[in-house]
Amino acid sequence: VLSCWLILLQRVLHLLPPPTATVAVASSLSCINCCHLIKRRSSYCLSAGSSYLQISGHQRPTSVLLFATMSNDEIDTGDKLTPADFSGVTSHRRCTDALCAILLWCMWFSMTGLGIYAMRMGDYRLILYPLDYDGNVCGTDYGGIDMTEYPYLYYVNDFSGGVCVKECPQLESLTDPHTLVTYNGLYQTSNSTVTTADIAIADYSASNDSLTCTEDLCYPNNDPESSFTSSGVNQGKGFAYYALDTYDVLWRCVFRDEATEALEKIVNPNNEANLTAVTDLVPKNENLKQGYNFWSNLYGDLWVARYFILGLGFGAPLVVGFLYSFALRIPGVLAFMVWASIFATIGIFFAAAWYAGETATQWASADPPKYTQDEINAATYGSYGLYAAGGLLVLLFLFMRKRIQLAMGCVKETSKAITAMPGIIVFPVIQGLGLMVFMIAWCVYVAHLASMGDFSTSQYDAGPIKISVRTFEFSNFVKQCGWYLLFCFFWTSQFILAMGEIIFAMSVSKWYFSRDKSNIGSATVWTSIATSMWYHSGTAAFGSLIIAIIKMIRSFLAYLQRKAEEMDSSIAKAVLCCFQCCFWCLEKCMRFLNKNAYIQTAIFGSSFCTSAKEAFFLILRNAARIAAITYVSGGVMFIGKVFITSLTTGAAYVYMDQEIGDELYSIIGPLFFIAAISWFIAGMFMGVYDMGIATILQCFVADEEMFEDDQMYAEGDLKSWVDSHG
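Small disclaimer: the values here were computed from a predicted structure and weren't measured.

About the cut-offs
- Residues numbered from 1 in each chain as written.
- Predicted model: local features only at pLDDT ≥ 70, side-chain atom pairs only at ≥ 80, totals over all residues.
- Heavy atoms only, no water.
- Axes fitted to C-alpha atoms, helices over the stretch in contact; angles between N-to-C directions.
- Helix = DSSP H or I, 4+ residues; strand = E, 2+ residues; numbered from the N terminus.
- Parallel < 35°, antiparallel > 145°, perpendicular 65-115°, else oblique.
- Left-handed = near helix turned anticlockwise from the far one by under 90°.
- Contact = heavy atoms within 4.5 Å.
- Nonpolar A, V, L, I, M, F, W, Y, C, P; charged D, E, K, R; others polar.
- Pairing = 2+ DSSP bridges.

## Brief notes about the packing of helix α18 (residues 570–604) against helix α19 (residues 608–621)
- Put simply, α18 and α19 touch, their axes get as near as 8 Å, and they point 110 degrees apart. If you check the angle between α18 and α19, you find them roughly perpendicular. Where α18 crosses over α19, the two elements pack in a sense that is right-handed. Two secondary-structure elements touch here, α18 through Phe592, Leu593, Asn594, Asn596, Ala597, Tyr598, Gln600 and Thr601 and α19 through Phe608, Ser611, Ala612, Glu614, Ala615, Phe616, Leu618 and Ile619.
- When its residues are assigned to classes, the contact of α18 with α19 shows ten nonpolar, five polar and one charged.

Written out as structure tokens, the structure is:
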């Protein structure tokens, strides 16, 4: 990764003109003027057109400067972050990246037009209701036969072929082996006990694919055992099947376990191995059965515990989150968390190295030998590698100790900002509501588009006859529209997230660049929302468009990976996997760059490209600081999410077990929902925290570059850091 950065930086140095070069390059300036452009006490100077760097009278290659840029925060890269007349977050703004905002609106209009077209041409009921063997949709008038009065599907074979019925049959006797449900109504022998009122099947006499049972086809010799292997039943792969007791799940009639077990004893009393077990005929029914029982019990528990879930799931995490934010400000708490995680990380490497070495020693001394010499060498060299990695971590953390102190200062300042503006926690809820509104419309459009397919007929051999089953296929136009709707989802969802990041950054930066922080409160958040939406929605659209394009490429690669799996092509799968990994990395890098660009936009009101350039050079100038911030904030975020979720779920368990424990089938279901909601709320809270930490760092860099120590806006631990290390 470091090598890639160095190569990239070398290209940037060669491509960028002198005024914006990543190091102080001046064709007409003397070395003194050049060094004057670089930040305090730095004695680095690069002569124009030279590939060597003059450091304290000695020439060094430019790659030395590049490495120093990565490791020394005092080396400037690019122009100053802040203008000379900077006095806080700018109030003179203009609409940025308006073209992207227009494109976003055009995308929404076109998506709406496509959705209206799909609603007119499609029918969501094709997705919601089951499809019978003849291509009719049960419960609707779609197809060749009006099935409005027959909303349920009774499965006849394990090819998912079935017939529409008025009600799912409920038989006291569990099964009637002398009654068969067929592609053309009921077939009954003289011993049948079921009536047409028990199983009301739609009229399929006009269907071209209907098949009628005869004694020879479905019930030879009036014998249930012979019937099971007949051409009509064909062990569950024919056009007829026995009447069984059922229950409905999503308009599908699912066979009860007791009914299939009773039928098994009748049609296969000797458990002949060459016959398909009745309980295995329609395996999806067992899955539906288990799902039905699971969701029925879960729904009952959720209904009983609904008030506990709402109160403890949504309210408690917010309270605990604010307590966690306040606890980070207590002297020693944050330092203990950070340094404990650092020592634990180092200790894990050394412990793993010791364990690998001991394992290699035991393997080598085993008599008789149980492992090959190659395996022993692998464990030995692995031990050496882990020791080396642990030693490098020790050196790295020693080198970055000052930056880690700065990172902890940023975390504490973020806690103060969130405490001063508690309303900032509410905005993720607004984001979620906005995304929910979009998702409702989007899901409606997708459901109708998915119904714009064509029926195709698949035929299967059932002895001397063929049975037909209808399936759904999509045209190329519908597939292309589906890809476009997927792109609309990616762009819109990422736009909502991007707007939130800009708003968070603007709110926190206003708090930081305020001499009198008592004037900052939740009202600051609402003004930031209005300002960001009015002026910088285009910038959010620009950054989110880049992420959406990358995600579309990854989705298409996933589609190709599935095709490669079907073709069983090892080379194609390997190549596509490599491409998928590359674009995953690219997406992560762009998300990181976008986040810092949004902070630049929030502070200075600049466009996306300008902000991204400034953010890129900011990262170069402060690589070690950002690395420390990433490590510390990542640890704080993870510990915070685990702490909030664990405390909330634990308290919910104790309280619910005392209050309603006897009323629940299982307390695990409600606890799982509370934990999931708590994790989501904690992630939302910590997401605000993460953006706040990154914003505090950029504000601090701007503060540090523009003002002298006694004029800086920095307070508390950040001010102490400047006094100690500035």
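Structure's up, so let's keep going.
## Considering the environment of Phe504
- Along the chain, Phe504 turns up in helix α15 (residues 476–512).
- For the pair formed by Phe504 and Asp690, sequence separation is 186 residues and the distance between their alpha carbons is 10.0 Å.
- Here Phe504 is in contact with Ile424, Phe427, Pro428, Gln431, Val688 and Met691, once residues within four sequence places are set aside.

## Some points on the packing of helix α10 (residues 306–327) against helix α20 (residues 623–660)
- The geometry of α10 relative to α20 is characterised by a closest axis approach of 9 Å and an angle of 140 degrees between their N-to-C directions. For the element pair α10 / α20, the angle class is oblique. Relative to α20, the crossing made by α10 is right-handed. The residues of α20 that touch α10, namely those facing Phe308, Leu312, Ala316, Pro317, Val320, Gly321 and Tyr324, are Val636, Ile639, Gly640, Phe643, Ile644, Leu647, Thr648, Ala652, Tyr655, Met656, Glu659 and Ile660.
- Here the contact of α10 with α20 is built from residues that sort into 15 nonpolar, three polar and one charged.

## A short note on the sheet that holds strand β7 (residues 175–182)
- The strand order across the open sheet built from three strands is β8-β7-β9, with neighbouring strands paired in antiparallel fashion. Looking at strand neighbours, the two that pair on one side only are β8 (185–188) and β9 (240–244), the edges of this open sheet. Strand-to-strand twist of the sheet, defined as the mean angle between neighbouring strand axes without regard to direction, takes the value 45 degrees.
- In this sheet, β8 lies alongside β7 in antiparallel orientation, the contact comprising four bridges. The residue bridging Thr182 from the neighbouring strand is Gly185, located in β8.

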